[in-house]
Amino acid sequence: DRLRIKLLDGCDEKNRGKGCSFCNLPPANVRYSIDDIKNALSSLEKMTVKYEHILIGGGTCLDPDVWDMIVDTASFLKNDELYKNKSISLMSIPPPARAMNLLKRAGVDEVAFNLEVSNEMQGCVTMPGKRMAGKNRYYDAFKAAVKIFGIGNVRTTLVVGLDTEADLRAEVERLLNMDVVPCLSALRMLPNTEFEYLIGPDNEYLIGIYNMVSDIITSSNSKITSL
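Sequence order as written defines the numbering, with residues in each chain counted from 1. Confidence filtering applies because this is a predicted model: local features only for residues at pLDDT of at least 70, side-chain atom pairs given and counted only at 80 or more, and all residues used for totals across whole chains, interfaces and linings. Derived side-chain values reflect all non-hydrogen atoms in the structure, with water molecules and hydrogen atoms excluded from consideration.

Let's shift gears to the pairing of strand S2 (residues 53-57). Three labels apply to residues, based on accessible area from a 1.4 Å probe with only protein chains included: buried if under 20% of the type maximum, exposed if over 50%, partly exposed otherwise in between. Numbering of helices and strands starts at the N terminus; helices are DSSP runs of H or I of at least 4 residues and strands are runs of E of at least 2. With respect to burial, S2 is a largely interior element, four of its five residues being buried. One requirement defines pairing of two strands: DSSP has to find at least two bridges between them. In the sheet, S2 pairs with strand S3 (residues 87-91) via five bridges, with the strands oriented parallel. Along S3, the bridge assignment pairs His 53 with Ser 87. Once the chain exits S2 it traverses helix H3 (residues 66-78) before rejoining the sheet at S3, and the crossover so formed is right-handed. By definition, the crossover connecting two strands over a helix is right-handed if that path, from the first strand to the second, turns clockwise as seen with the strands pointing away from the viewer.

Here you go:
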């Protein structure tokens, strides 16, 4: 039920040899302009495709003007009759502080800055580009985003299968204390990744982690539990 708008055809971190080892996005070769996006949306209007939400993001874009590009895209959507009533989510690396309010004013309703790996050492090994500046970069962004976008509108993904159960528990508790919504994503052994020939977490383990996190959320004092 979601229309996804990507700003590039791969990931810039792969271009500099610092891509996430569990992700099989290719290096980025094409960066889409606002005109490219408008043309694609114009073509989509002629098709009978129904969707309820719009997501901007996918693949890390390291262009210095990427935040201006996202603001322009959101502003265009919110000023177009066909899209203005659709909620807009942004999935990206943590934005600089100056961009947060601009994104909100442009019409972005919800943001996701995906931490993915809790353990700092594991994160640096498997996500060398995204985690170069450490976890505090994400925590600072979470705190600022909750104030700007509101409780329930700030999310982060944790990949189940890379952290220990203890690390996951501690991370979920910390996120809840910041009123950030933790989203679990099972580790998949994707082709053309370092994990391609390994065995992923089984269903029993995944269900156990889900139940553990569900119990933590239920017993939490976080304001997201009342939404």
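It is worth spelling out the confidence of the model for the chain at this point. Predictor confidence is given residue by residue as pLDDT, running from a minimum of 0 to a maximum of 100. Residues at a pLDDT of 70 or more form 99% of the chain, whose mean pLDDT is 94. Helix H2 (residues 34-45) is the least confidently modelled element of the chain, averaging 91 in pLDDT, while strand S4 (residues 110-112) averages 98, the highest of any element.

Below, the discussion takes up the nonpolar core. Buried together is how nonpolar side chains tend to be arranged in soluble globular proteins. Nonpolar cores are built from buried Ala, Val, Leu, Ile, Met, Phe, Trp, Tyr and Cys residues. Side-chain atoms within 4.5 Å join them into one set. In terms of nonpolar packing, the biggest core is built from 53 residues, with Leu 103 and Phe 142 touching the most fellow members. Ignoring sequence-local partners within four residues, the contact set of Phe 142 consists of Phe 113, Val 154, Arg 155, Thr 156, Leu 175, Met 178 and Val 180. Grouped together as the second largest cluster of nonpolar side chains are eight residues, Val 117, Met 127, Leu 162 and Leu 187 included. Throughout, a contact is declared for two residues whenever any of their heavy atoms are within 4.5 Å.

We now examine the packing of helix H7 (residues 165-177) against helix H8 (residues 203-218). With their axes 10 Å apart at the nearest point, H7 and H8 run at an angle of 30° to one another. One element, H7, and the other, H8, form an angle in the roughly parallel class. Two packed elements cross with a definite hand, and for H7 against H8 that hand is right-handed. Residues Glu 165, Leu 168, Arg 169, Val 172, Glu 173 and Leu 176 of H7 lie in contact with H8, whose contacting residues are Tyr 205, Ile 209, Met 212, Val 213, Ile 216 and Ile 217. Residues are grouped as follows: nonpolar covers Ala, Val, Leu, Ile, Met, Phe, Trp, Tyr, Cys and Pro; charged covers Asp, Glu, Lys and Arg; every other residue, Gly included, is treated as polar. A per-class count over the contact of H7 with H8 returns nine nonpolar, no polar and three charged. Orientation is described by axes fitted as lines to C-alpha atoms, over the contacting stretch for helices, and by angles from 0 to 180 degrees between their N-to-C directions. Roughly parallel refers to an angle under 35 degrees, roughly antiparallel to one over 145, roughly perpendicular to one between 65 and 115, and oblique to any angle outside these ranges. Crossing chirality is assigned from the near helix's rotation relative to the far helix, an anticlockwise turn below a right angle marking it left-handed and a clockwise turn marking it right-handed.

Our next topic: H7. Residue pairs spaced three or four apart in an α-helix point in one direction, given the helix's 3.6 residues per turn. Between its terminal C-alpha atoms H7 stretches 19 Å, which fits the 18 Å expected from 13 residues at 1.5 Å a residue. Residues of H7 that are buried include every one of Leu 168, Glu 171, Val 172, Leu 175 and Leu 176, and no others. Here the buried residues of H7 occupy an arc of 130° about the axis, which is enough to place them on one side. Exposed and oriented more than 90 degrees from the buried face of H7 are Ala 166 and Asn 177. Check the buried side of H7 and you find it contacts helix H6 (136-149), strand S5 (154-160), strand S6 (181-186) and H8. Looking one or two places after H7, you find Asp 179, whose phi comes out positive at around 60°. A helix is expected to reach a length of 1.5 Å times the quantity of its residues less one. As used here, the arc is the angular range of directions from the helix axis to the C-beta atoms.

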